[in-house]
Amino acid sequence: MSEQVQDSSGWPGGPRGLDLPGDPRLSEAPQGAVPVASAPGAGAGALAEPGEYDGPGRQALDWLYRFVTAIELAPAVAVHSTDAAGTVRFWNHACAQLFGIPASHALGRPFRELVSHLDRQAEFESTIAAIWQAGSTPAPRDWQVETAAGRRLWLHSNHFPVKRDGATQQVFCMEVDITARKQVEDNLVRAARVFENAHEAIIVMDAEYRVQAVNQAFTGITGFSAADIIGSTLASLPWGQGQEGGGFYEKIWSQLDGHDRWQGELPAVRKNGESYTAWVALTPIRDPHGQASNYMAMLSDISERKRVEERVRHQAEHDALTGLPNRALFLDRMHHALATWRRQRDSFAVLFLDLDHFKAVNDTNGHQTGDAVLREVAARLRGCVRRVDTISRLGGDEFVMLLADIGGVDQAAHVASAVMQAVSRPIDAAGQQLSLTTSIGVAICPTDGQDVDTLMHHADVAMYHAKESGRSSFRFFSPEMNARVVERGELEGRLRQALERGEFVLEYQPELDVGSGKVIGMEALIRWRHPERGLLLPHEFLPVAEECGLIVPIGEWVLGEACTQARAWRDAGHAVTVAVNLSDIQFLHSRLLDTVDAALTQSGLAPAWLDLEITEGAIMRGDQVLDETVAALRGRGVQLTIDRFGTGLSSLSSLRRFPLSKLKIDRSFVSDIEHDPMDAALIPAIIAVARSLRLRVVAEGVETEEQLRFLRRHGCDHYQGFYAAGASSRPDFNPAVR
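Calculation notes
Residues numbered from 1 in each chain as written. Predicted model: local features only at pLDDT ≥ 70, side-chain atom pairs only at ≥ 80, totals over all residues. Heavy atoms only, no water. Phe/Tyr/Trp six-rings, centres within 6.5 Å; stacked < 30°, edge-to-face > 60°. Helix = DSSP H or I, 4+ residues; strand = E, 2+ residues; numbered from the N terminus. Pairing = 2+ DSSP bridges. Axes fitted to C-alpha atoms, helices over the stretch in contact; angles between N-to-C directions. Contact = heavy atoms within 4.5 Å. Polar contact = N/O pair within 3.5 Å; in protein donor to acceptor, adjacent residues only side chain to side chain. Left-handed = near helix turned anticlockwise from the far one by under 90°. Nonpolar A, V, L, I, M, F, W, Y, C, P; charged D, E, K, R; others polar. Salt bridge = Lys/Arg side-chain N within 4 Å of Asp/Glu carboxyl O. Buried < 20%, exposed > 50% of the residue type's maximum accessible area, 1.4 Å probe, protein only. Expected span 1.5 Å × (residues − 1). Arc of directions from axis to C-beta.

What follows covers the packing of aromatic side chains. All chains considered together, the criterion is met by 13 aromatic pairs. Ring plane angle 45° and centroid distance 6.2 Å describe the contact between Phe-504 and Trp-557, whose orientation is recorded as tilted. In this pair, Phe-504 is assigned in strand β21 (residues 504-513) and Trp-557 in helix α19 (residues 551-571), connecting sequence segments 53 residues apart. Centroid distance Trp-569 to Phe-733: 5.4 Å. Interplanar angle 75°. Geometry classified as edge-to-face. With Trp-569 in helix α19 and Phe-733 in the segment after β29 (718-719), this pair connects stretches of sequence that are 164 residues apart.

Shown next, in the form of C-alpha cells:
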C-alpha cells in the first residue's frame, strides 16, 4: 500500500503542475491524517469523504481521490514526491518494488539517500531545482540510477510540480523501469559497432540469399563497396578457378540447409583482379518458428596464413641447405610411386649417391666451402632429371633420386651417367676450383624390391659396391652384393664385441739400423683373433672399424697396450722405441692428447720412446688445431713419422710446417728398385728431401739383400721387412745380421 505525508501545502496535485484552490479547511488538516476511504481499493493516504467539503475544496479532494486510486491501480508506474527540502512525501507500492525500499523506510527521508543518479547527480539536482524555481514541467527523460542496495537501473522519469495558488508545494515524479529496453538498445549499438569494426567481412543476406548489408571490412578485403553487392548474391562476386557457376553455390547452400553452419576455404579475386584465399563461414538466422529468415556470412583473407603454412610445410619437408626434399618427403613420394606401380605396373628406379672423399673438402677448406659445394651439386642434380622425378638430400653428402615411370634399366643408367658427368665438372667455391666424383647405386622396382625399405637398402648396397670397386662409378644391385653387405654387417657386429671380449692382439715388427743391423724400434701391428675365421690382418677389419666409428676406441687400446709393452721391454733391458700407427680419424680426434697422456702415464713410458706414425693425408688437412696438436706432441717429446711417404699428396711446404722425426718410404717403391729405374731414382730423391728437412728415413718392405745394399748405398737410416724379421707377438731383438 502507498502512504503519503501531508505538509503545510496540503495534498499533492495533478501531473501537469496542478494548482489547488486555497481553502483554510484544507490547510488545517493535520499531518499524517488518514481519512476513511469511501470506495473499495482506496489505499493508505486516501482522502476523507467528499461530503465534508463543498465548493472548490470538494472538487480538489475529489480529483485527488481519483488520482491516488489510479496510482495504486497502475503497478508499473512508480510514483513518489518530495518537498522543497528533498524529503520524500509520497511513495507508492510500485516504488517499493522498483527500488527495494518499503514506504515506511522511505517517507521522511531525503530522496538522494534512497536513490543515486551516479555521475549525473548534480545534473539531476539542478533539474529539480529548476522545477522549484520556475514552476514548469521539464521534458521527460531517461536516467541511470543506483539504489541503496547497489542495484543499477534505467528509468524513464516524468517530473511535475504540484502548486497551490501558483506556488510549487511538492514535486511529483512518475517513473517507468526501462532497464530491459536500454539493454536491448545497448546490445544493438554494440552489435552495430562490432559489425562495422570487425576485422572479418560480414555479409547479411535475406532468405533468398540476396545481400542486405555488408560492413567496412568487406570493402577492405574484397575491394567491392556496399553498392556493388547489396541486392545481389555472393555468386555475383568473382571467385577463383574452378568455383564459377551456380552448381558450386547450390552445393554449399544444400549443405547449409541440413546443418546450422558451413565453412571452408575458397579461392577468391578482389575487385582489382588480385587473387587471394578466403575463409568463408555461412550461418542461417532462424525466426521463432525455426525457419531461416536470414543468412550471415563471415569472410576473412587467409592468404598470409596460407603462405606461412606453406613456408612451414616446405621447411618441414625440405633440406634447409639445398632446398631439396628431405627424407620424410622423399619416402612419401616413394609410397606414391609404389601405389602407382601396383595400379599401372609402371617401373621406377631409386639411385643412391654418395660424393667421394667429400670429408676432405670440409677438413681442408672448411664447412662453409663444403656447404657451397653441396648447394652446387644439388643444382646440378636438378638439371639431370625430369619434373616428375624427385631428388632428396638425406644428410651429409648423401643424395637419393626417384626416377618415375622409367622405360627400362637403360634409362636409369643414362641418368646415372649424366649425374656422374655433372658432378665431375670443376666447382668454383671460395675462390678455388674443386673436383669431385660420386659413387651411385641403382635399384629397380619391382625386380630389386617392392617396398620402400627393401628398395632403399638395395640401392645403398649397390652404392657401397661402387665405392669398393674404385669409386666414381655406378652399379646396379645384385644378390651377390647383398650377400657381401650382410657379411660386412655381421663383421661389424662381431667387431663391436671384440674389444670387450679381448679378441685383439698386437704383433711387433722390428725396425733395424741399416748400418749396424741393430734393432732400434718395434712397430705395433694389430691382429684380430676372430672366433670363427681365425687371425685377421688389419686390412680385413680396420676399414669397417673406421666406417662404423670403432677406430678411435680400438686405436686407444692399441696405444695403451703398446706403451705398456715398450715399458716392459725397457725394464728387461731392451731400449727400443715403439711405433704406433694412427688413422686419420684418430689423429684428428679432439681426445688424442688426453689418450697419449693417459697411455704414457699408466705405462710409465717416457714420451721419447713413443713414435706415432701418421699419413700424408692427415698433415695435408692442416689447420690451426692440427698445428697445435703436433706442437703439443713434439713438446712432450713424442716422435712423429710420416708413414707410407710418396703415396699421398703432401708437399715440401707442408712437411716443413711440422716438426717431424722421420719419413717412412712405402714398400711399393722398395719392391721394384731392382727392376724399375723410376723407383730406383725416386728413393734417392726422397732421401735427399728428408736430409734437407733433417729427417731420418725408414724403408719398409725390404725383402732382399740387394734392396738393403741399395738403401745403404744411398744413405737410408733404418729399414723393416721380412729380410730381417716379420711381425710376431714375441719379436726377436737379436735377428741374424745380414
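Moving on: the sheet that holds strand β19 (residues 438-445). Read across the open sheet, the five strands follow the order β15-β16-β14-β19-β20; overall the sheet is mixed. Among the strands making up the open sheet, the edge pair consists of β15 (390-395) and β20 (474-476). Each strand axis lies, on average, 20° off the axis of its neighbour in the sheet, ignoring direction. One ladder, built from five bridges, connects β15 with strand β16 (residues 398-403); its direction is antiparallel. Residue pairing across strands places Ser-392 opposite Val-400, the latter belonging to β16. Those strands touched by helix α16 (residues 452-468) are β14 (348-355), β15, β16, β19 and β20, and its axis lies near 145° from that of β19.

Now for the sheet that holds strand β12 (residues 275-286). Within the open sheet, the five strands sit side by side as β10-β9-β13-β12-β11. Their pairing is antiparallel. Looking along the sheet, the strands with just one partner apiece sit at the ends: β10 (211-214) and β11 (262-269). Adjacent strand axes in the sheet meet at a mean angle of 25° when their direction is disregarded. Judged from the nine bridges that link them, β12 and strand β13 (residues 292-301) form a sheet pairing that is antiparallel. Bridged to Trp-279 within β13 is Ser-300. On the sheet, helix α11 (residues 303-317) packs against β11, β12 and β13 and is oriented at approximately 120° with respect to β12.

Tracing the backbone shows Asp-206 in strand β9 (residues 201-206). Here Glu-208 takes part through its backbone nitrogen, which lies 2.8 Å from a polar atom of the side chain of Asp-206. Contact partners of Asp-206, with chain neighbours within four places excluded, come to Gln-212, Ser-293, Asn-294 and Tyr-295.

Remark: helix α14 (residues 367-382) packs on helix α15 (residues 409-424), axes separated minimally by 9 Å, with the N-to-C direction vectors making an angle of 145°. Where α14 crosses over α15, the two elements pack in a sense that is right-handed. Two secondary-structure elements touch here, α14 through Val-377, Arg-380 and Leu-381 and α15 through Val-419, Ala-422 and Val-423. Split into classes, the residues belonging to the contact of α14 with α15 amount to five nonpolar, no polar and one charged.

In total, this model carries 40 salt bridges according to the counting rule given. When the shortest N-O distance is used, the salt bridge between Arg-181 and Asp-142 registers 3.3 Å. With Arg-181 in helix α7 (residues 179-197) and Asp-142 in strand β6 (residues 141-147), this residue pair connects regions lying 39 residues apart in the sequence. With a relative accessible area of 42%, Arg-181 lands in the partly exposed category. Linked by salt bridges that have partners in common, Asp-142, Arg-181, Lys-182 and Glu-185 make up one network.

Below, the discussion takes up unusual backbone geometry. In this model, Cys-445 is joined to Pro-446 through a cis peptide bond whose omega is 15°. Phi is positive for Arg-345, close to 60°, though the residue is something other than glycine. For Asp-405, which is not glycine, the phi torsion reads 50° and is therefore positive. By the secondary structure assignment, Asp-405 is in the loop between β16 and α15.

Bringing α7 into the picture now. With 19 residues, α7 extends 26 Å between its outermost C-alpha atoms, agreeing within 8% with the 27 Å of an ideal straight helix rising 1.5 Å per residue. Buried residues along α7 sit against β6, β7 (152-164), β8 (167-177), β9 and β10.

Time to look at helix α6 (residues 121-134). Between the first and last C-alpha of α6 there are 20 Å, a value that for 14 residues agrees with the 20 Å anticipated at 1.5 Å per step. Of all the positions in α6, only Gln-121, Phe-124, Thr-127, Ile-128 and Ile-131 are classed as buried. End-on, the buried residues of α6 take up no more than an arc of 130°, which puts them together on one face. Opposite the buried face of α6, by more than 90 degrees, sit the exposed residues Ala-122, Gln-133 and Ala-134. Positive phi shows up at Gly-135, right after α6, with a value of about 70°.

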